[in-house]
Amino acid sequence: MVFSSILFLIWFVPAVFLIYCLAPKACRNGVLLAASLLFYGWSSPWWLVLILGDCLVGYVCGRLIESSDQKRRKAAMIAGIVFVLSLLSIFKYWNFFAENLYALNGIDWLIHGLVLPAGISFYTFQVISYLVDVYRDQAPVQRSFWRFALYVCMFFQLIAGPIVRYASIEPELTDRTLSLQQTAEGSRRFLCGLFKKVLLANPFFALAAFLEQQADPCVLFFWIRAISVTMYVYYDFSGYSDMAIGLGRMMGFHLPENFNYPFMAGSFREFWRRWHMSLTTWFKDYVYIPLGGNRKGKERQIRNLFVVWLLTGLWHGAAWNFVLWGLLFFVLLTAENFVIPEKFQKSLLYKIAVRIAICISFVLFYDSTLFAFGQDLSAMFGLAGLPFVNGQSGYILRSSIVVLLLGACGATPWPKQLVLRMNTRYGWFSAAGAIASALLLVVTISRLAAGTYNPFLYFQF
Amino acid sequence: MKNLETSEKTENSSGIQNEKNRKDRWTSILWMACLFGVLGFFLAGSLLVHPSYSNTERRKLSSFPEANTKTVLDGTFGSKIETYVTDHLFGRDSLLGISALSGSLLYGAPDQNGIVVRDGKLIDVQRKIDEDSLNYAKTLFARIYANDLEQTDCRLYDAIIPDKSFFLKTGEALNMDYGLFFEEAESVFPFATEIDLASSLSLDDYYATDPHWRQEAIVEQAELIAQTMGAAIPGPFTEETVLDSFTAQQGLQSLYRHSADALKVLRSASMENWTVTRYDEKGKHEGELYGPVQSKSDPYSVFLGGSAGMIEIENPDSPSNRELVIFGDSYASSIAPLLASGYAKTTIVDLRNLPSYRLSSMIEFSDQDVLFLYSTTILNQAKALK
């Protein structure tokens, strides 16, 4: 079940929210867990075995860490991490390595029919962070299995994050309040995410697909496609994060922010401080710093960066383009840290170059094969012998200009700032915003009813 | 005095705070009402109204899926429920119109859900050549040729019908490269003699709001096909209007201004004596050359009573004893009555409904004329053919 489906929007959300609000406080966790398991098992009930297996192992290892001596604590933590990473490795990476092994020496270790369970990378990382935090005494152990299962399975962040750290949500698993204002705030955020997904991400996806279908392409098409792909990934993922945060807020949870206008960043470092923040901080806290971070000299730091970005690429998908995507950012960040002069980094030229490089990186991220990426890249830089524009460019520009402008504008903080200013200045503005949102919701539902393409990209991670 | 001022200030500030809280509360209530009002409206409507047919899409809506251990565990129940609730969303027909309009209003799109208008005709722009589909068609028809036709004396012909998008100019809308498509589509039937229909057709020969060609406008094309096959089409035909105002699916889903067509059929004196036999889900039974226009079905299915796995037309007044077999799609059902005028027996096979492995048990191929008559739309979605 995806957030932007009629089933979820019209049936699941109102029903779960109503039951949740009517249920006695003591039963709310139960309602939420049942809804989460229904949500997750909807497409494939077998996935429940995996996630509940992870929950059970995470819970038992957490309890062992709490009650054992130092040596056993470490063993329990390692055992838990090995278990959840083994499941992730089998379901996500086995066939990738088997395919490459087969290509190299013909040994067939492929497991046919192996399906990647949705969201496995997200909940695996949540269980790992819990075990490590409990081991480091940075978080209290959870003594209730059901509460721990709820932490791992909460339907609003289960499939595509944000990756929630146990310590940040632990008090709310036990005691949280529901208020009208908080619920309204959550619903605003949920709608904002839904509009981002259906009214921006989907049209960008359609635009990219539309451009891929052109029999008579030109250089301009490839650049518009690159921007469309970048915007699609951004609105798709940040839209999902907004919906998750909004639904969490409606149910009394405060989930961490995941995006902070990443395209406002003028450097690669800043970009990654604003893009998928929950993943970036996870890798920083659980990989980069334990490896030594930047404390043990330049060479160790470069090695640590390499490991982190290799894993970041692999986390996004078991394919060479994701691996190269991660390594591309390793190269760019290393260059930014050690090679490119700071003075140049402050120039406008560098800020433009950063955005172009990010845009190209998302073409690599999005393309299905490295060969396709090579073709796209050569076309973008005029190496494929295509004209810059052709007879159909006018039609393409007319078709895409509004969505491109809306997308560019929405990627800045300016619309939000404008809304806040208008809210302060005009008393009626908030009410008008609610009514406009209701109308946009009808439009959104109409586009979902019309069968607009709308799977979430990040589900595959 | 100072204490009094401070107390007044505190009272004022608490008054402002109270006012702000009150305003926030009302705004929150309004937001919640808007969100759950809209969702609740559609939820209540979907609970109360259960249509089984979509007028704008001219199709039966999906029925509630079967729930058993197998379908639940393999996830098909879950995915079918998603289709079911989307199909049965309250106000679905109106929402399709809103969706089309929003494309133009929000994004300034020059098309509505992929439909453009030209000369009052709504055109579903075909954008991409589906190579997989064409390869599938090549394999399928090569197998039919090898299994059923190669060892016979049948004379084989093929004609490809362009859809309306073919008539758009480059830059007017981004339609697919039809030159390339026709080139590739021809290689689907390497064993057949090609009959070129595209050069004699124009957009006027099609309905305004339906993708099909108009029967009354394609007599010339029927004659061309018959002539190539060495047959004749004895006329004359007279036009009969069976529906004055025919607005088809493209028109019902689009907010473009367009006009309705008259749905006409062509009749000849000899047609009264023809026998039509249908082979469909009801088994073998008598059919009609032109069925009645029914309220809950596609008016275009007036031709031969709509699609069926196989339809036979026997014409006792035929000028010859020759037989014709047409492998075709819905476009074929309107031209088939014209071609049948020149043959003693005409068999129309729709591979969407009749799997090709059953051909040998249904038709004895010997020395018939065999015509492969497919639209570009179907060849580009050939996986529907079995």
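Cut-offs used in this document
- Residues numbered from 1 in each chain as written.
- Chains lettered and ligands numbered in written order.
- Predicted model: local features only at pLDDT ≥ 70, side-chain atom pairs only at ≥ 80, totals over all residues.
- Helix = DSSP H or I, 4+ residues; strand = E, 2+ residues; numbered from the N terminus.
- Rg over C-alpha atoms; globule rule 2.2 N^0.38 Å.
- Contact = placed C-beta atoms within 7 Å.
- Buried ≥ 20, exposed ≤ 12 C-beta atoms within 10 Å, placed from the backbone.
- Pairing = 2+ DSSP bridges.
- Axes fitted to C-alpha atoms, helices over the stretch in contact; angles between N-to-C directions.
- Core = buried A, V, L, I, M, F, W, Y, C linked by C-beta atoms within 7 Å.
- Parallel < 35°, antiparallel > 145°, perpendicular 65-115°, else oblique.
- Left-handed = near helix turned anticlockwise from the far one by under 90°.
- Domains from an automatic or database assignment.
- Nonpolar A, V, L, I, M, F, W, Y, C, P; charged D, E, K, R; others polar.
- Arc of directions from axis to C-beta.
- Expected span 1.5 Å × (residues − 1).
- Bend = angle between axes of the 7 residues up to and from the residue.

Caption draft 1: Structural view of the overall build of chain B. The secondary structure content of chain B amounts to 11 helices and 14 strands. Here chain B has a C-alpha radius of gyration of 28 Å; the compact-globule value for 386 residues is 21 Å, and the former is much larger. When the backbone C-alpha atoms are referred to their principal axes, chain B occupies close to 120 × 50 × 40 Å. Across chain B, the fraction of contacts at a sequence separation of at least 24, relative to all contacts at a separation of at least 6, is 74%.

Caption draft 2: Inspection of the overall build of chain A at higher detail. Helix and strand counts for chain A come out as 20 helices and zero strands. The globule rule puts the C-alpha radius of gyration for 461 residues at 23 Å, and the 23 Å found for chain A is close to it. Counting only C-alpha atoms, chain A reaches 70 × 60 × 50 Å along its principal axes. Evaluated residue by residue, chain A yields a buried proportion of 43% over its 461 residues. Across chain A, the fraction of contacts at a sequence separation of at least 24, relative to all contacts at a separation of at least 6, is 72%.

Caption draft 3: Focus on the sheet that holds strand E13 (residues 345-349) of chain B. All names here are of chain B. A sheet is described by the order of its strands in space; here eight strands give the open sequence E6-E5-E14-E12-E13-E11-E9-E10, paired in mixed fashion. Each edge of the open sheet is held by one strand with a lone partner, namely strand E6 (193-195) and strand E10 (283-286). Across the sheet, the mean angle from the axis of one strand to that of its neighbour is 20°, orientation sign disregarded. Alignment of strand E11 (residues 310-314) against E13, held across five bridges, turns out to be antiparallel.

Caption draft 4: Representation of the nonpolar core in the model. Of all hydrophobic cores here, the largest spans 131 residues; its most connected members are Leu131(A), Val152(A), Cys153(A) and Phe204(A). With 17 residues, the top contributor of residues to this core is helix H10 (residues 219-250) of chain A. Here Val152(A) is in contact with Ile51(A), Asp54(A), Cys55(A), Gly58(A), Tyr123(A), Gln126(A) and Val127(A), once residues within four sequence places are set aside. Core analysis: the next-biggest nonpolar cluster, separate from the first, contains 76 residues, Leu156(B), Ala222(B), Ile233(B) and Ile326(B) among them.

Caption draft 5: Structural view of the environment of Lys60(B). Residues and elements named next belong to chain B. Mapped onto the elements, Lys 60 comes out in strand E2 (residues 59-60). Sequence spacing of Lys 60 and Ser 297 is 237 residues, and the spatial spacing of their C-alpha atoms is 8.9 Å. If sequence neighbours within four positions are ignored, Lys 60 has contacts with Ser 52 and Tyr 53.

Caption draft 6: Layout of the environment of Leu324(B). Tracing the chain through its elements places Leu324(B) in strand E12 (residues 323-328). Setting aside chain neighbours within four positions, we find Leu324(B) in contact with Leu339(B), Tyr343(B), Thr346(B), Gln368(B), Asp369(B) and Leu371(B).

Caption draft 7: Structural detail: the packing of helix H13 (residues 298-316) of chain A against helix H14 (residues 320-339) of chain A. All names here are of chain A. Orientation of H13 relative to H14, taken along the N-to-C sense of each, is 150°, at an axis distance of 7 Å. Overall, the two elements H13 and H14 adopt an arrangement that is roughly antiparallel. You can see that H13 and H14 cross each other, and the crossing is right-handed. Along the contact surface, H13 presents Lys 298, Ile 302, Leu 305, Phe 306, Trp 309, Leu 310, Thr 312, Gly 313, Leu 314 and His 316, while H14 presents Phe 322, Val 323, Leu 324, Trp 325, Gly 326, Leu 327, Phe 329, Phe 330, Leu 333, Thr 334 and Phe 338.

Caption draft 8: Quick look at unusual backbone geometry. One non-glycine residue, Tyr261(A), lies in positive phi territory at about 45°. With respect to the helices, strands and loops of the structure, Tyr261(A) is situated in the loop between H10 and helix H11 (268-274). In this structure, Leu304(B) takes a positive phi of about 60° despite not being glycine. With respect to the secondary-structure elements, Leu304(B) resides in the loop between E10 and E11.

Caption draft 9: Quick peek at the domain arrangement of chain A. Residue and element names in this part refer to chain A. Splitting chain A by domain gives domain 1 (28-176) and domain 2 (182-449). With 20 residues of domain 1 at the contact, the number on the domain 2 side is 20 residues. Those elements that provide at least two residues to the side of domain 1 that touches domain 2 are helix H4 (70-105), helix H5 (120-135), helix H7 (155-158) and helix H8 (166-174). No other element matches the five residues that H5 contributes to the side of domain 1 that touches domain 2. Residues belonging to the side of domain 1 that touches domain 2 are distributed by class as follows: 12 nonpolar, five polar and three charged.

Caption draft 10: A look at the interface of chain A and chain B. In this complex, chain A contributes 48 residues to the contact, which on the side of chain B involves 49 residues. Put simply, the parts of the chain that give the side of chain A that touches chain B at least two residues each are helix H1 (6-22), helix H9 (180-212), helix H18 (393-410) and helix H20 (429-449) of chain A. The class makeup of the residues in the side of chain A that touches chain B is 29 nonpolar, 15 polar and four charged.

Caption draft 11: Quick look at the environment of Arg147(A). Among the secondary structure elements, Arg147(A) is positioned in helix H6 (residues 145-153). Beyond its immediate sequence surroundings of up to four residues, Arg147(A) is in contact with Asn29(A), Gln142(A) and Leu173(A).

Caption draft 12: Layout of the packing of H14(A) against helix H16 (residues 348-366) of chain A. All names here are of chain A. In contact at an axis separation of 8 Å, H14 and H16 are set at 160° when each is read in the N-to-C sense. If you check the angle between H14 and H16, you find them roughly antiparallel. In contact with Asn 321, Leu 324, Trp 325, Leu 328, Phe 329 and Leu 332 of H14, H16 contributes Ala 357, Ser 361, Leu 364 and Phe 365. Split into classes, the residues belonging to the contact of H14 with H16 amount to eight nonpolar, two polar and no charged.

Caption draft 13: How the structure looks around helix H6 (residues 178-186) of chain B. Residues and elements named next belong to chain B. Within H6, burial applies to Tyr 178, Phe 181 and Ala 185. Along the long axis of H6, the arc covered by the buried residues comes to 55°, so they all point the same way. Away from the buried face of H6 by more than 90 degrees, exposed residues Gly 179, Leu 180 and Glu 183 are located. Turning to H6, the residues buried within the fold contact helix H5 (131-149), strand E5 (155-161) and helix H11 (376-379).

Caption draft 14: How the structure looks around the pairing of strand E9 (residues 275-280) of chain B. All names here are of chain B. Here five bridges tie E9 to E11, and the two strands are oriented antiparallel to one another. Within E11, the position partnered with Thr 277 by the bridge is Glu 312. Where E9 lies against E10, four bridges are found, and the strand directions are antiparallel. Looking at the pairing, Tyr 279 lines up with Lys 284 of E10. Hairpin connection of E9 to E10: two residues between the antiparallel strands.

Caption draft 15: Molecular detail of H4(A). Residues and elements named next belong to chain A. Here H4 spans only 44 Å end to end across 36 residues, well under the 52 Å set by a 1.5 Å rise per residue. At Tyr 93, H4 is bent by approximately 55°, the largest bend along its length. Of the positions making up H4, those classed as buried are Ala 76, Met 77, Gly 80, Ile 81, Phe 83, Val 84, Leu 88, Phe 91 and Lys 92. Residues of H4 that are buried sit in contact with helix H3 (47-67) and H5. Gly 106 sits one or two residues past H4 and shows a positive phi near 75°.

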